[in-house]
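# Chains, contacts and geometry: an overview
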Amino acid sequence: MTAIKRHPCDIHKVARQCGVRLSDGSRHYSKIRDARACYAPATLRRIGRALGEAHLGLVLRLIVESQGNDRQLYGDTMGAVSALLIEQPHLVERGAALFDAFDTIDLWQLRTRAKAMQCGLPTGHILRVLLSLELEAQSRTG
C-alpha cells in the first residue's frame, strides 16, 4: 500500500492571498453569499493537502477573478474546478486564456444545472463534466 503524499497547506494564507474570506460553514445559514466568501474550509484543506498551495490558489483565483463568479465558492464547485485542472493539465498551460475562458462561464448557472440533473451522481462530478464541455466548446469556437 502506498501512502498518499500530503502537502503542507495553510488554507488561511492561500485564501488571504486570493482575497477570499474564510468562515466556518456550520454557522452560515443564508442562501445568499457575500462576494469572495468561502464557507467550505474542509474542501480547501482537502484540495490543498492533496495538491498543494499553488494548485489551491489557482482554483480560488479562477473562481473569484472570473467575471460574475466571485460568489461561487461552494465546495462542489471548487472540487470540480480542481479535478478538472488535474484531469486536463493542458488547461493550466493556457495561462491567461484560461482566466478569459472562465470569464465567459456562469458557474452559478452550471451548478444549478448540475443540481437539477438528479442522475445519482454528486453535483461536483456533474459540474466537472459541464465545465469540461463549456471549455471544449470555447476552444473549438475561439
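Details of the structure are given in the entry above.
Let me sum up the structure you'll find in this document. (Residues numbered from 1 in each chain as written. Predicted model: local features only at pLDDT ≥ 70, side-chain atom pairs only at ≥ 80, totals over all residues. Heavy atoms only, no water.)

## As for the packing of helix 4 (residues 75-87) against helix 7 (residues 123-141)
Interaxial distance between helix 4 and helix 7 falls to 8 Å at its minimum, and their mutual angle equals 55°. Taken together, the axes of helix 4 and helix 7 lie oblique to each other. Classified by chirality, the crossing of helix 7 by helix 4 is right-handed. Mapping the contact onto sequence places D76, T77, A80, V81, A83, L84 and E87 in helix 4 and T123, G124, L127, R128, L131, S132 and L135 in helix 7. When its residues are assigned to classes, the contact of helix 4 with helix 7 shows seven nonpolar, four polar and three charged. (Axes fitted to C-alpha atoms, helices over the stretch in contact; angles between N-to-C directions. Helix = DSSP H or I, 4+ residues; strand = E, 2+ residues; numbered from the N terminus. Parallel < 35°, antiparallel > 145°, perpendicular 65-115°, else oblique. Left-handed = near helix turned anticlockwise from the far one by under 90°. Contact = heavy atoms within 4.5 Å. Nonpolar A, V, L, I, M, F, W, Y, C, P; charged D, E, K, R; others polar.)

## Things to note about the nonpolar core
Core analysis: the biggest nonpolar cluster contains 37 residues, and L60, M78 and L131 have the highest contact counts within it. Elements represented by at least two residues in this core include exactly helix 1 (11-17), helix 2 (41-51), helix 3 (53-64), helix 4, helix 5 (96-103), helix 6 (107-117) and helix 7. Among the elements that line this core, the one with the most residues is helix 3, at seven residues. Excluding residues that lie within four positions of it along the chain, M78 makes contacts with C38, A40, T43, L44, I47, V59, L60, I63 and L73. (Core = buried A, V, L, I, M, F, W, Y, C linked by side-chain atoms within 4.5 Å. Buried < 20%, exposed > 50% of the residue type's maximum accessible area, 1.4 Å probe, protein only.)

## Remarks on the packing of helix 6 against helix 7
Remark: helix 6 packs on helix 7, axes separated minimally by 9 Å, with the N-to-C direction vectors making an angle of 130°. Regarding the angle of helix 6 to helix 7, the classification is oblique. Helix-helix and strand crossings are classified by hand; for helix 6 and helix 7 the assignment is right-handed. Residue-level inspection shows L107, L110, R111, R113, A114, K115 and M117 of helix 6 in contact with helix 7, the latter providing T123, I126, L127, L130, L131 and E134. Considered class by class, the residues forming the contact of helix 6 with helix 7 number eight nonpolar, one polar and four charged.

## Thoughts on the pattern of salt bridges
This structure, assessed with the given rule, holds five salt bridges. Salt-bridge contacts for K13 lead to E53; the nearest nitrogen and oxygen are separated by 2.9 Å. Here E53 lies in helix 3 and K13 lies in helix 1, a separation of 40 residues in the sequence. Among the ionic pairs, E136 bridges to R140, the shortest N-O distance being 3.5 Å. With a gap of four residues between them, E136 and R140 both fall in helix 7, about one helical turn apart. (Salt bridge = Lys/Arg side-chain N within 4 Å of Asp/Glu carboxyl O.)

## So, unusual backbone geometry
Even without being glycine, R36 reaches a positive phi, approximately 65°. Checked against the element boundaries, R36 lands in the loop between strand 1 (21-22) and strand 2 (37-38). A positive phi angle is found at Q118, which is not glycine, with a value near 45°. On the secondary structure map, Q118 appears in the loop between helix 6 and helix 7. Relative accessible area serves as the criterion here: at 72%, Q118 is assigned to the exposed category.

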